[in-house]
Amino acid sequence: MTTDFSGLPTGLTQRRPLLWLNPAYDAQADAHSDPLDPAVSEARFARCAGLMRQVFPELRPTAGLLQSPLTPIPVFRDSMACGAAAGDWLLKRDDALPVAGSVKARGGFHEVLALAERIGLDEGLLGDDTDRAVLAGPAARAVLGRHALAVGSTGNLGLAIGMIGAGLGLRAIVHMSADAKEWKKQRLRRHGIQVVEHSGDYAAAVAAGRAVADADPMMHFVDDEQSEALFLGYAAAARELQAQLQAAGGRVDADHPLFVYLPCGVGGAPGGILYGLKRLFGAHVHGFFVEPTASPCMLVQLACGLGRPVSVYDVGLDNRTEADGLAVGLASPLVAPLMARLLSGVLTVDEAMFYGDAWRLETLEGIYVEPSAATGLRGPMQILDTSQGRAYVQACGLTDAMGRATHVIWSTGGSLVPEDIRQAFRARGRREAGAA
Ligand SMILES: *Cc1c(COP(=O)(O)O)cnc(C)c1O
């Protein structure tokens, strides 16, 4: 069987930034037809809130729940000059999530809590109805300390799993790819977490971690390419966003569409979030992933069909980008099929755009995010101000509703970036913004 590349958009292999509309998108597709149920992760976060509050003091203000602010960015919006139909632009601040400082906290907390609960049940520390806070006690921590966690990562997932695992008393080992930033490794090591460095890319680090964990029955492997627990942890963000939109008076219905822009690496975080949102809002939410021009792995997989894995290398791209967490060559085989009919499209952005937009966001709104987390800021423009975007809006019958639309730009990381690194990012951002 040969791969059919004919569905790839013009300009993709030349790394031209573009908007790809998913021809298989089905507004009526039912996210409920799949057995993965975000009610599982919502319930786990609720019953573990007491435990989380004890172990992580940063979570006390939210009573042990993981939450991030939803912030209007009107000055940034007006600077983009999208006119009267611009609608409301909101930034979902997962860059500010406690403990891990990125969207990875959502999936990571859920998977590590599920593991700690399972160990607790297996070892007789917990019954079904026991308060999960007992896992913070000395006896439980001694038991948890005999168990290990491993993960393969370009950086942020390792940071999240390492910090959360160590917080709960588990031994954590993080396998980092060559592109992982030095400060992330140093931060983990400072917290007593073992970092193993690999010379290959993200997929190679995952494979290495998986092999080590497979050989050790006391070691759990967090598999970013396959994990339902990570996926469901991300999906729980949908209810949080729904409550925040309601509190702010933002409606989501046929006259008030919701557009969401989600930076995509392997696909777990954006896929889980969109899956959760589709269950709540159905056809009224329009989900777009954002990928670097060098690493559009979800676009490539969906455009070439799901018959076999297709990577960005297969289409002649090199997967080299400064966008941490987004340098992934092959989409998750768990998530790609789930997105086939739910995802409206993918936009690709280059370094000049996301460095420049990160700098503009900080200059105009006083919000610092890391470059990969700024990729979604191009989303509304791509919908409102390109022929492809207008074609999508028209096909959905939304041309007259766009002035009442809400655009949620998911900011996925940044609060842990050290000041000296921020300064370097800012300098490049100022240059890129001036050149644009
Ligand atoms: C990991 C990551 C993403 C994307 O998540 P995936 O599950 O890999 O698709 C987006 N932004 C940042 C900052 C990340 O670290």
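Residues numbered from 1 in each chain as written. Predicted model: local features only at pLDDT ≥ 70, side-chain atom pairs only at ≥ 80, totals over all residues. Heavy atoms only, no water.

What follows covers unusual backbone geometry. The backbone phi angle of Ala-63 is positive, close to 55°, even though this residue is not glycine. You can see Ala-63 is positioned in the loop between helix H2 (49-55) and strand E2 (70-72). Residue Val-99 is not a glycine yet carries a positive backbone phi of 70°. Among the structural elements, Val-99 can be located in the loop between strand E3 (88-93) and helix H4 (104-122). (Helix = DSSP H or I, 4+ residues; strand = E, 2+ residues; numbered from the N terminus.)

Moving on, we get to the UniProt feature "modified residue: N6-(pyridoxal phosphate)lysine" (unreviewed entry) in the protein chain. What UniProt calls "modified residue: N6-(pyridoxal phosphate)lysine" (unreviewed entry) maps, in this numbering, to Lys-104. Examined against the element boundaries, Lys-104 turns out to sit in helix H4. For Lys-104, the residues in contact, after removing those within four places along its chain, are Phe-109, Asn-156, Leu-157, Ala-160 and Tyr-234. (UniProt positions renumbered as here; feature names shortened; annotations may be inferred. Contact = heavy atoms within 4.5 Å.)

Per the UniProt annotation, the sites labelled "domain: Tryptophan synthase beta chain-like PALP" (unreviewed entry) are residues 85-380. Taken end to end, residues 85-380 is 41% helix and 15% strand, and its first and last C-alpha atoms sit 11 Å apart.

As a packed pair, helix H1 (residues 38-47) and H4 sit with axes 10 Å apart at the nearest point and diverge in direction by 70°. Judged by the inter-axis angle, H1 sits roughly perpendicular to H4. Contact residues: H1 offers Val-40, Ser-41, Arg-44, Phe-45 and Arg-47, while H4 offers Arg-106, Phe-109, His-110, Leu-113, Ala-114 and Glu-117. Classifying every residue of the contact of H1 with H4 gives five nonpolar, two polar and four charged. (Axes fitted to C-alpha atoms, helices over the stretch in contact; angles between N-to-C directions. Parallel < 35°, antiparallel > 145°, perpendicular 65-115°, else oblique. Nonpolar A, V, L, I, M, F, W, Y, C, P; charged D, E, K, R; others polar.)

Read across the sheet, seven strands follow the order E1-E10-E9-E8-E11-E3-E2 without closing on themselves; strand pairing throughout is mixed. Edge positions in the open sheet fall to strand E1 (19-21) and E2, since each of these has one partner strand only. In this sheet, adjacent strand axes meet at a mean angle of 25° when their direction is disregarded. As defined by bridge partners, strand E8 (residues 258-263) adjoins strand E11 (residues 406-411) across four bridges and the pair is classed as parallel. (Pairing = 2+ DSSP bridges.)

All right, on to helix H14 (residues 351-365) then. In a regular helix each residue adds 1.5 Å, so 15 residues correspond to 21 Å; H14 covers 21 Å between its end C-alpha atoms and thus fits that length. Among all positions of H14, only Glu-351, Met-353, Phe-354, Tyr-355, Gly-356, Asp-357, Ala-358, Arg-360 and Leu-361 are buried. Of the residues trailing H14, Gly-366 is marked for its positive phi of about 70°. (Expected span 1.5 Å × (residues − 1). Buried < 20%, exposed > 50% of the residue type's maximum accessible area, 1.4 Å probe, protein only.)

Another point: the side chain of Lys-278. Looking at where Lys-278 falls in the secondary structure, it is placed in helix H11 (residues 268-281). Buried Lys-278, no salt bridge; nearest opposite-charge side chain is Asp-26, N-O distance 8.4 Å. (Lys, Arg positive; Asp, Glu negative; His and termini not counted. Salt bridge = Lys/Arg side-chain N within 4 Å of Asp/Glu carboxyl O.)

This brings us to the packing of aromatic side chains. If you walk through the whole model with that rule in mind, you get ten aromatic pairs. Consider the rings of Phe-259 and Tyr-392, whose centres lie 6.4 Å apart with planes at 75°: the pair is edge-to-face. Residue Phe-259 is located in strand E8, and its partner Tyr-392 is located in helix H16 (residues 387-395); the two are separated by 133 residues in the primary sequence. Under the relative-accessibility criterion, Phe-259 is labelled buried at 0%. Ring pairs connect the aromatic residues Tyr-25, Phe-259, Tyr-261, Phe-288 and Tyr-392, which therefore count as one cluster. We note Arg-428 situated over the ring of Tyr-355; from NZ or CZ to the ring centre the distance is 4.2 Å. (Phe/Tyr/Trp six-rings, centres within 6.5 Å; stacked < 30°, edge-to-face > 60°. Lys NZ or Arg CZ within 6 Å of the ring centre and 35° of its normal.)

For the ligand, the set of nearby residues contains 14 residues, the closest of which are Lys-104, Asn-156, Gly-267, Ala-269 and Thr-412. Between the ligand and Gly-265 there is a distance of 2.8 Å, counted from an oxygen atom to a backbone nitrogen or oxygen. Contacts to the ligand include Gly-267, whose backbone N or O atom sits 2.7 Å from an oxygen atom. Starting from 370 Å² of accessible surface for the ligand in isolation, the protein chains cover 99%. For the shell around the ligand, the element with the highest residue contribution is H11, accounting for three residues. (Near = heavy atom within 4 Å. Polar contact = N/O pair within 3.5 Å; in protein donor to acceptor, adjacent residues only side chain to side chain. Areas by Shrake-Rupley, 256 points an atom, 1.4 Å probe, with all protein chains shown as cover.)

Ranked by size, the top nonpolar core spans 149 residues in total, and within it Phe-109 and Met-339 carry the most contacts. No other element matches the seven residues that H4 contributes to this core. Residue-level mapping places this core at the junction of two domains, with at least three residues from each of domain 1 (18-100 + 231-432) and domain 2 (104-226). Filtering out sequence-adjacent residues up to four positions away, Met-339 remains in contact with Asn-22, Gly-271, Leu-274, Tyr-275, Phe-289 and Leu-302. (Core = buried A, V, L, I, M, F, W, Y, C linked by side-chain atoms within 4.5 Å. Domains from an automatic or database assignment.)

Strand order across the open sheet formed by four strands is E6-E5-E4-E7, with parallel pairing between neighbours. Only two strands of the sheet have a single partner each, and these edge strands are strand E6 (194-197) and strand E7 (219-222). Neighbour-to-neighbour, the strand axes of this sheet turn through a mean angle of 20°, independent of strand direction. Two strands pair when backbone bridges link them, and strand E4 (residues 148-153) and E7 are joined in this way by four bridges, in the parallel orientation. Note that in E7 the partner of Val-151 across the bridge is Val-222. Strands in contact with helix H7 (residues 182-190) are strand E5 (171-176) and E6; relative to E6, the strand with the most contacts, it is inclined by about 145°. Strands in contact with helix H8 (residues 202-214) are E4, E5 and E7; relative to E7, the strand with the most contacts, it is inclined by about 160°.

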